[in-house]
Amino acid sequence: MTDNEKLEAVLTELAKVYSLTSEYISFIKDNIVLRCVYYRKMNLNFDNETIYINNSSTIMDFFLNRILHNIRGYDVNKVYNPNNTEEEEYSIDNQRLKLSTQKVFGEIVTKKLQNRIENITDDLAKLIDKKIICHEFGHVFQTAYSGIVGKDDTKYKQVINNLHEKYPNTFIIPYYEQKLVIRQNGLIPTTIDDGKDGIREYYANKDRIVLIDDIFNEDEALELYRTHVIQGKNELGKDCYKNIFNYESTNYKITSYARMMKLILGNNKSFRAMYQNGIEFFEFFDQFEKLSTEVFKNGNESKKPVVSCILDALERIKRNNSLTDTLNLDLFFTKCLEKRIKYFLKDNVTKDDIIEMKKIVNEFVIRLTKCKSGKLDHDFVIDNIKKMIDAY
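Residues numbered from 1 in each chain as written. Predicted model: local features only at pLDDT ≥ 70, side-chain atom pairs only at ≥ 80, totals over all residues. Heavy atoms only, no water.

> How would you explain the packing of aromatic side chains if you had to name every residue and give the values?
How two aromatic rings sit relative to each other is given by the distance of their centres and the angle of their planes. The final tally for this structure, using the stated rule, is 32 aromatic pairs. Pairing F137 with F141 gives two aromatic rings, centres 6.2 Å apart and planes at 25°, and the pair type is stacked. You can see F137 and its partner F141 sitting in helix α5 (residues 122-141), four residues apart, about one turn around the helix. A residue is classified by how much of its surface remains accessible, and F141, at 0% relative accessible area, is buried. (Phe/Tyr/Trp six-rings, centres within 6.5 Å; stacked < 30°, edge-to-face > 60°. Helix = DSSP H or I, 4+ residues; strand = E, 2+ residues; numbered from the N terminus. Buried < 20%, exposed > 50% of the residue type's maximum accessible area, 1.4 Å probe, protein only.)

> Any details on the pattern of salt bridges? Residues and values, ideally.
Pairs can form between side chains of opposite charge whenever their charged atoms are close. Enumeration over the complete set of coordinates arrives at 30 salt bridges. Put simply, D61 and K6 hold a salt bridge, and the shortest N to O gap is 2.7 Å. Of this pair, D61 sits in helix α3 (residues 59-70) while K6 is found in helix α1 (residues 3-18), placing the two residues 55 residues apart along the sequence. Since its relative accessible area comes to 7%, K6 is described here as buried. (Salt bridge = Lys/Arg side-chain N within 4 Å of Asp/Glu carboxyl O.)

> Hey, could you go over a positive patch on the surface for me, with residue numbers and the actual values?
Together, R40, K41, R226 and K359 line one region of the surface with positive charge. In this fold, K41 is placed in the loop between α2 (22-38) and α3. (Patch = residues over 30% accessible without salt bridge, like charges linked within 9 Å, V, L, I, M, F, W, Y side chains within 5 Å. Areas by Shrake-Rupley, 256 points an atom, 1.4 Å probe, with all protein chains shown as cover. Lys, Arg positive; Asp, Glu negative; His and termini not counted. Charge placed at Lys NZ, Arg CZ, Asp CG, Glu CD.)

> Outline a negative patch on the surface, listing residues and values.
Taken together, the side chains of D347, D352, D353 and E356 present a region of like negative charge at the surface. Mapped onto the secondary structure, D352 falls in helix α15 (residues 351-365). The class of D352 is exposed, set by a relative accessible area of 58%.

> How would you summarise the layout of surface pockets if you had to cite specific residues and measurements?
Put simply, the largest pocket is a space of about 1200 Å³. If you list the elements that add at least two residues to the lining of the largest pocket, you get α2, α8 (210-224), α9 (256-265), α10 (267-275), α14 (323-345) and α15. Top contributing element to the lining of the largest pocket by residue count: α15, with seven residues. Grouping the amino acids of the lining of the largest pocket by side-chain chemistry returns 17 nonpolar, five polar and 15 charged. (1 Å grid on protein atoms, 1.4 Å probe; cavity = no way out; pocket = protein on both sides within 12 Å on 5 of 7 lines; lining within 4 Å. Points joined across faces, edges and corners; volume = space filled by probe spheres on them. Nonpolar A, V, L, I, M, F, W, Y, C, P; charged D, E, K, R; others polar.)

> An account of the confidence of the model for the chain is requested, with residue identities and associated values reported.
Summary statistics for the chain give a mean pLDDT of 91 and a share of 96% for residues scoring 70 or more. Low pLDDT, under 50, characterises residues 82-86; the stretch is placed with two contacts to residues that sit more than four places away or in other chains. (pLDDT = per-residue confidence, 0-100. Contact = heavy atoms within 4.5 Å.)

> Which residues make up the sheet that holds strand β1 (residues 73-77), and what values do they have?
Reading across from one edge, β1-β3-β2 is the order of the three strands in this open sheet, with mixed pairing throughout. Two strands close off the open sheet at either side, each with one partner strand: β1 and β2 (90-91). Taken together, the two bridges between β2 and strand β3 (residues 96-100) define a ladder with antiparallel strand orientation. By the bridge assignment, Y90 is partnered in β3 with L97. (Pairing = 2+ DSSP bridges.)

> I'd love a proper account of the pairing of β3, names of residues and values included.
On any regular strand, side chains alternate: one points to one face of the sheet, the next to the other face. Taken together, the five bridges between β1 and β3 define a ladder with parallel strand orientation. Each residue of the ladder has a partner; that of N77, found in β3, is S100. Here β2 folds back onto β3, and the loop between the two strands holds four residues, one of which, Q95, carries a positive phi near 55°.

> Now, about the sheet that holds strand β7 (residues 240-244): what can you tell me, with residues and values included?
As summarised here, the arrangement of the three strands in space is β6-β7-β8, forming an open sheet in which the pairing is antiparallel. One side of each edge strand has no neighbouring strand; the edge strands of this open sheet are β6 (232-237) and β8 (370-371). Judged from the two bridges that link them, β7 and β8 form a sheet pairing that is antiparallel. Looking at the pairing, C240 lines up with C371 of β8.

> How would you explain the environment of L291 if you had to name every residue and give the values?
In this structure, L291 sits in helix α12 (residues 289-295). Along the chain, L291 and F62 lie 229 residues apart, while their C-alpha atoms are 37 Å from each other. The residues contacting L291, other than those within four sequence positions of it, are F332, K335, C336 and K339.

> Quick rundown of the nonpolar core? Include the residues and the values.
Formed by 98 residues in total, the largest nonpolar core has its most connected members in I28, F281, F285, F332 and F333. Leave out the neighbours within four places in its chain, and F285 touches M261, I264, L265, V306, V307, I310, F332 and F333. Residues V109, L113, A125 and I132 belong to the second largest nonpolar core, which totals nine residues. (Core = buried A, V, L, I, M, F, W, Y, C linked by side-chain atoms within 4.5 Å.)

> Please provide a residue-by-residue account of unusual backbone geometry, values included.
For N55, which is not a glycine, the phi torsion comes out positive at approximately 55°. What makes N55 exposed here is its relative accessible area of 64%. A positive phi angle, close to 60°, is found at N321, a residue other than glycine. Along the chain, the position of N321 falls in the loop between α13 (306-320) and α14.

Next up, the structure:
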């Protein structure tokens, strides 16, 4: 079977067994297809994945395996309740996804944006509706479990059995019977036996770590639906501001940092951190201890890990609109980018590599703080990065 044939087979069974509407099926299809296109160049590893598709090898196989494994129940919300805006749409404990209808999401978008954007066009509202739905599917796909047995598996088993009976050469039934245990929850660390107990335990105990997970997820949704259009400016005082791309999110002040971090990480490492091993994110940024001491700790060495410094700054920006923390994060990440560019330029770079680096820098720059009164510290670092690239 081709990837498209496998996708249609899965959607058909989900619609029939769970009695899902065409609108709901459309949400599922869009969110799989868009991710397959966006992540088409990823280097995939299926070693720890629960497999339902025989000889899984493609990005489509990856996401079909995840949706078959991760969702055991579907619910629909038809009424907008402004008092329930913090309720999670996907329950990782019960493997249930609750999605609002497009009408409900439209009401949510309007309520959130009406005091922030002067002209909310129908096209913009519909695009943001889809982006919000995409964000929720991100939590589904970025979760990984070991084991098979969930809370309510009757319909789940029916779907898997139907697929196997109809397409025995393509779809298989995993036979082991261990209970589902969460081993990957996006960038929220989980406790698994991989020899990295210390870093997992340290960050798992920080409740605020959900901030980083959520903005990484939000950035992905912005990228998939190409809604990374500047909606306005967050005024930070002293004639300084930062561009805003998602006023509809509670994290609109800090989401741009997720894109900056991903540009530093690179596509493959960002994908692995979000979907397969979140600890890669913490290990990567914790290595910039010298830069962290210089920017966040005023040159005073301490045992506070780098990601903790990043997290503290993100929280203060979200809560207090802190200009100091905004500038510190901008400078820190710009210096990280400088190190990464230096590293890449050591290799035999091609003309295409240089074009890609320039694109990365441009994408990075529009997310940096601007100040009408003059150049900021991170601006000088950007100037140096551009000189390095131009020299090649």
